[in-house]
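Architecture and fold: a report
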Amino acid sequence: MILLDGKKISAQIKSEIASSVAGMEKTGHKIPHLAAIIVGSDGASETYVAHKVKACEQVGFRSTLVRLTEKVQQELLLEKIDEINENADIDGVIVQLPLPAHISEEKVIERIKVEKDVDGFHPVNVGRLVINQPAYISATPNGIIELIKRYDIETSGKHCVILGRSNIVGKPMAVLMARKGYPGDATVTVCHSRTKDIHEVCRQADILIVAMGKAEFVTGDMVKDGAVVIDVGITRVKSVNTRSGWKLMGDVKFDEVALKCSYITPVPGGVGPMTIASLLNNTMKAAKKEIYG
Ligand code: NAP
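Residues numbered from 1 in each chain as written. Predicted model: local features only at pLDDT ≥ 70, side-chain atom pairs only at ≥ 80, totals over all residues. Heavy atoms only, no water.

1. Side note on the site of the ligand
Lining the immediate environment of the ligand, one finds 20 residues, of which Arg165, Ser166, Ser193, Ile234 and Thr275 sit closest. Between the ligand and Ser166 there is a distance of 2.5 Å, counted from an oxygen atom to a side-chain nitrogen or oxygen. Here a nitrogen atom of the ligand and a backbone polar atom of Val232 are 3.4 Å apart. Starting from 930 Å² of accessible surface for the ligand in isolation, the protein chains cover 70%. (Near = heavy atom within 4 Å. Polar contact = N/O pair within 3.5 Å; in protein donor to acceptor, adjacent residues only side chain to side chain. Areas by Shrake-Rupley, 256 points an atom, 1.4 Å probe, with all protein chains shown as cover.)

2. Some points on the sheet that holds strand E5 (residues 159-163)
Taking strand neighbours across the sheet as the criterion, the six strands line up as E1-E11-E8-E7-E5-E6 in an open arrangement whose pairing is parallel. With one partner strand each, in any of the chains shown, strand E1 (2-3) and strand E6 (187-191) form the two edges of the open sheet. The pairing of strand E7 (residues 207-210) with strand E8 (residues 228-231) spans four bridges and is parallel. Directly across from Leu208, in E8, lies its bridge partner Val229. (Pairing = 2+ DSSP bridges. Helix = DSSP H or I, 4+ residues; strand = E, 2+ residues; numbered from the N terminus.)

3. Let's talk about the side chain of Thr283
Along the chain, Thr283 falls in helix H10 (residues 271-287). Since its relative accessible area comes to 0%, Thr283 is described here as buried. Reaching out from Thr283, the side chain makes a polar contact with the backbone oxygen of Leu279 at a distance of 2.9 Å. Once residues within four sequence positions are removed from consideration, Thr283 is found in contact with Pro32, His33, Leu34, Phe61, Asp91 and Val118. (Buried < 20%, exposed > 50% of the residue type's maximum accessible area, 1.4 Å probe, protein only. Contact = heavy atoms within 4.5 Å.)

Here it is as structure tokens:
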């Protein structure tokens, strides 16, 4: 079994990006600048945003963090996005999800300028991905694709089973794995809460990508010998063994599954760091105006 070391690969990608930033500085090119908006003070969201801001610092990007209170009116959040959209120095903007119930995620995502939508959640970017036109691709699926590439994992003709059909992970992942060319050309099955006999479907997978948010759902008996297993899930559970009082768990029962598969991502240290690397890559593309000219 080979561990798909997202931490190591993301460090490589960050170092590549840092070199590009140094080159941009030398030639007088504007330094990439990412704006992140966080609403409220949810512990997990705080952690994710802090990681993103820190990653910007590590590669030499500028970053702006906008904090709004839990009770902020939707209109005010939309105005903030307009301001960022109009700010020529800012190349990319992300709004950390989930948002409080009184705010429409749909309206917020649609308000972000397509050219600055480095999370790749805007319907235009999603649509362009589906029809294979240049687009910002959602950071998590794109990070998984990069991991597959860097480990040179064969995908052509393989049966890829994806557990989860969310807009930000499951659906774009399915499109990417079914795309023509490498890494793609897979035969894709997408499972969700209405899928019948999910254990049996999983056992048919050459590549199993799990994005459900159900801690340790995938057990050893659900995995074919030699399968590639990618665990997107992150569930925070209480723990007496850590200083913070909680620990992160994936959707895959690692100890059981690792005995059977050919490749596997750990949690933490697998898909999470690749998501951040992918966001940095999208911000670099935005700064260089690679997608929309
Ligand atoms: P989501 O929007 O909640 O979607 C979960 C999906 O799993 C849904 O499609 C749901 O089916 C399906 N599902 C839930 N329980 C199921 C069951 N018992 N059997 C079959 N299908 C089931 O989640 P998400 O945003 O895609 O995130 C999934 C997980 O990945 C979460 O743990 C999240 O924290 C994590 N995540 C990690 C990263 C990272 O960077 N590592 C990034 C994004 C998300 P229905 O559609 O039928 O409800």
